[in-house]
Amino acid sequence: MAELKIRVRFAPSPTGPLHIGGVRTALYNYLFARKLGGKMILRIEDTDQNRYVDGAEKYITESLDWCGIQFDEDIVKGGPYGPYRQSERKSIYLDYAKELVDKGYAYYAFDTPEELDEMRERGKDKDVHLSQYGPFTRLGLKNSLSLPADEVRQRLASGETYVIRIRIPENEEIHVNDLIRGDVVVQSSSLDDKVLFKSDGWPTYHLANIVDDHLMEISHVIRGEEWLPSAPLHVLLYRYFGWGESMPKFAHLPLLLKPDGNGKLSKRDGDRLGFPVFPLQWTDPVTKDISSGYRESGYFPEAFVNMLAFLGWNPGSEQELFTMDELIHEFSLDRVGKHGSKFDPEKARWYNHQYLVKKPEFELVGFLKRELEKRALHFEDRYVASVIHLIKDRANLIPDLWKNSWFFFVPPETYDEPFVLKVWSPVPVVSGLLVSFLEEVKHVVDWEHDPLHSFIQDFITGKNIKMGQLMTPLRLLMVGNNQGPGIMDIAITLGREEFLKRIETGLKKLPR
Ligand code: GLU
């Protein structure tokens, strides 16, 4: 037997921004292909002209690129099975639909939308089979199975619009062999005669998807669970075309669920609970509504990918942090679960934190420098790196770097009121303490940790106070609030001059 070439595809429709569930599908396809030395293909399924959204295709490719998911064949690179955009393949599909008509597996239908409504109305509240186009209704409708052959020829010759529908068999068991779910059996009578080719001259998703998977020699179809109901229809199409032998293997991935596990994760959950459900920020071209993205919220792509990989797959060990190469090495469909995976926004932040703390300081300098440039501030890389060293342990997302460190670059303009009330009282005692501290600390010239520390020790011993009684008001003067690393670290990093200046400023601005 010839060795099976591994070829998988990610086949998004450009109907809007790519949901993180879609990114996960692309990721699993990518890991699978790379692991087995196969090819990864991007195919844009844009045959539904009514749902086409401007900018969506670009958004999709940019998102995948950000994640580091690479394609061997795609709309830009091309490849031996192109074109890879279905709209550019439009001319091939009608002949395939007609081939099924000729073989007796599909038929022309001429019903108007009103007639279809009437059918649904007739079947309503009765048997579901009577409200759908299928074995139980088709002979009472207007199609090439119910009308005399002459009339059909005439209608077609006169240019009357038609659709082509698949002829679903009555009472047959259809087996979908799924790599994740095993043998899934569906009764054909539960299916309807789906449209394969539309009256507007475009194929439907079902037809174009099967024809292209076949022509592109796709070996495995790895996609979301929401496509499982379509799989029996797809199995029939492969059989009817005579492609049963080379039918791809199916793997339907579990759904991504809301954090509470109740239903599919949606954009609304993200809005409600304050986390993005899209990889990149998306601006709706019509409403101009902006949806937040992981990239803009300050996630690293490696962390995002690592987190996504674990939503439905596990390595069978305790290890949670994986680079893309490690994921490729470990990935297998055997370890993808059947059950939906709850999305956990807290865990997403945890992943990012892990990547952030692991990064060397100098790799993070650029993120802070961008903030400094916005404010026309200039600091040396070495200084910025030393600040990052002090604060990164408490940062989860990239913006936390600035939020946790701004006071190393600019003095506080205001003092947090509740904090003032708490630590700057009784007023004359605290301010008096700081006045004498300022007088004495001025004489410390060797501005290093050890000499400064022993000076402070001596000072509090002399005053008979506890460390906190000095350090907390000092924090107020240095930071303006209760934030930040240890005061000793702040003092050394800011330097002697700035340290003294902030005490002086505070003593001028705060009650004495
Ligand atoms: N175009 C479909 C989508 O938008 C592809 C489904 C499939 O992979 O077959 O997800």
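See the structure above.
Thresholds, definitions, all that
- The residue count restarts for each chain, going from 1 along the sequence in the order it is written.
- Totals for whole chains, interfaces and linings use every residue, but because this is a predicted model, local features are given only for residues with pLDDT of at least 70 and side-chain atom pairs only at 80 or more, for both listing and counting.
- Side-chain metrics rest on all non-hydrogen atoms present in the structure, leaving aside hydrogens and water.
- Throughout, the term near means that a residue has one or more heavy atoms lying within 4 Å of the molecule or strand in question.
- Residues adjacent in sequence count toward polar contacts only when both atoms are side-chain atoms; beyond that, a polar contact is any pair of N or O atoms within 3.5 Å, and within protein one must be able to donate a hydrogen and the other to accept it.
- Computed with a 1.4 Å probe, the accessible areas rest on the Shrake-Rupley method; for each residue, only the protein chains presented here act as cover.
- Under the scheme applied here, ten amino acids are nonpolar (Ala, Val, Leu, Ile, Met, Phe, Trp, Tyr, Cys and Pro), four are charged (Asp, Glu, Lys and Arg), and all others, including Gly, are polar.
- Salt bridges are defined by distance alone: a side-chain nitrogen of Lys or Arg within 4 Å of a carboxyl oxygen of Asp or Glu.
- The way it works is that DSSP assigns letters per residue, a run of H or I at least four long becomes a helix, a run of E at least two long becomes a strand, and they are numbered from the N terminus.
- Throughout, exposure labels follow a simple rule: accessible area from a 1.4 Å probe, protein chains only, divided by the maximum for the residue type, with under 20% read as buried, over 50% as exposed, and the rest as partly exposed.
- By the convention used here, residues are in contact when the closest approach between their heavy atoms is within 4.5 Å.
- For two strands to pair, DSSP has to find at least two bridges joining them.
- A crossover counts as right-handed when, viewed with the strands pointing away from the observer, the path leading from the first strand over the helix to the second turns clockwise.
- Between N-to-C directions, angles span 0 to 180 degrees; the directions come from axes that are lines fitted to C-alpha atoms, helices contributing only their stretch in contact.
- Note that the term roughly parallel is reserved for angles under 35 degrees, roughly antiparallel for angles over 145, roughly perpendicular for angles of 65 to 115, and oblique for everything else.
- For Phe, Tyr and Trp, where Trp contributes only its six-membered ring, two rings pair if their centres lie within 6.5 Å, and the inter-plane angle classes them as stacked under 30 degrees, edge-to-face over 60, or tilted in between.
- Definition used: whenever NZ (Lys) or CZ (Arg) falls within 6 Å of the ring centre and also within 35 degrees of the ring normal, the charge is taken to sit over that ring.

Moving on to the site of the ligand. Around the ligand, the structure places Arg9, Ala11, Ser13, Glu45, Tyr205, Asn209, Arg223 and Trp227. A distance of 2.8 Å is found between an oxygen atom of the ligand and a side-chain nitrogen or oxygen belonging to Arg223. Compared with its free state, where it exposes 300 Å², the ligand has 84% of that area covered by protein. Looking at the shell around the ligand residue by residue, the classes come out as three nonpolar, two polar and three charged.

As a further point, take the pattern of salt bridges. Considering all chains together, one arrives at 37 salt bridges under this definition. In this structure, Arg85 engages Glu57 in a salt bridge whose closest nitrogen and oxygen atoms are separated by 2.8 Å. Taken together, the residues span a long stretch of sequence, with Arg85 in the loop between α2 (56-67) and α3 (90-103) and Glu57 in helix α2 at a distance of 28 residues. What makes Glu57 buried here is its relative accessible area of 14%.

What follows covers the side chain of Ser188. Note that Ser188 resides in the loop between β6 (182-187) and β7 (195-197). For Ser188, the side chain forms a polar contact with the main-chain oxygen of Pro169, separated by 2.6 Å. Once residues within four sequence positions are removed from consideration, Ser188 is found in contact with Ile168, Pro169, Glu170, Asn171, Glu172 and Ile174.

Turning to its location among the elements, Val163 is positioned in strand β4 (residues 163-166). Counting along the chain gives 34 residues from Val163 to Phe197, while the straight-line C-alpha distance between them is 5.5 Å. With sequence-adjacent residues up to four places away left out, Val163 is seen in contact with Tyr107, Tyr108, Ala109, Val195, Phe197, Lys198 and Ser199.

Among the five residues that make up strand β8 (residues 220-224), five are buried, leaving the element largely enclosed by the rest of the structure. Sheet topology note: the β8/strand β9 (residues 249-253) ladder contains five bridges and is parallel. Counted as the bridge partner of Ile222 is Ala251 from β9. Considered for its hand, the β-α-β crossover made up of β8, helix α7 (residues 231-241) and β9 is right-handed.

Okay, the sheet that holds β7 next. A sheet is described by the order of its strands in space; here three strands give the open sequence β3-β4-β7, paired in antiparallel fashion. Every interior strand has two partners, whereas the edge strands, β3 (106-109) and β7, have only one. Along the sheet, successive strands turn relative to each other by an average axial angle of 40°, direction set aside.

Below, the discussion takes up the packing of helix α18 (residues 449-463) against helix α19 (residues 467-479). Packed helices, taken two at a time, are described by their axes: the angle between them and the distance between them. Look at α18 against α19: their axes get within 9 Å of each other, and the N-to-C directions meet at 120°. When the interaxial angle is binned, α18 and α19 end up oblique. Note on element contacts: α19 touches α18 through Met467, Leu470 and Met471, opposite His453, Ile456, Gln457, Phe459 and Ile460. A class-by-class count of the residues in the contact of α18 with α19 yields six nonpolar, two polar and no charged.

Scanning all chains against the criterion turns up 31 aromatic pairs. Geometrically, the ring pair formed by Tyr383 and Phe409 is edge-to-face, given 5.8 Å between the ring centres and 85° between the ring planes. Of the two residues, Tyr383 sits in helix α14 (residues 381-391) while Phe409 sits in the loop between α15 (398-403) and α16 (417-423), which places them 26 residues apart along the sequence. Of the residues examined, Phe409 reaches a relative accessible area of 6% and is grouped as buried. Measuring from ring centre to ring centre gives 5.9 Å for Trp402 and Phe409, while their planes differ by 15°; the resulting arrangement is stacked. Across the pair, exposure class does not vary: Trp402 and Phe409 are buried alike. Cation over ring: Arg155 sits above Phe110, and NZ or CZ is 5.2 Å from the ring centre.

This next bit is on the environment of Leu141. Summarising the element assignment, Leu141 is placed in the loop between α4 (113-123) and α5 (149-157). By relative accessible area, which is 7% here, Leu141 ends up buried. The spacing of Leu141 and Glu115 is 26 residues in sequence and 8.2 Å in space, taken between C-alpha atoms. When neighbours within four sequence positions are excluded, Leu141 is seen to be in contact with Asp111, Met119, Arg122, Tyr133 and Ser146.

No statement about biological role is implied by the geometric values presented.
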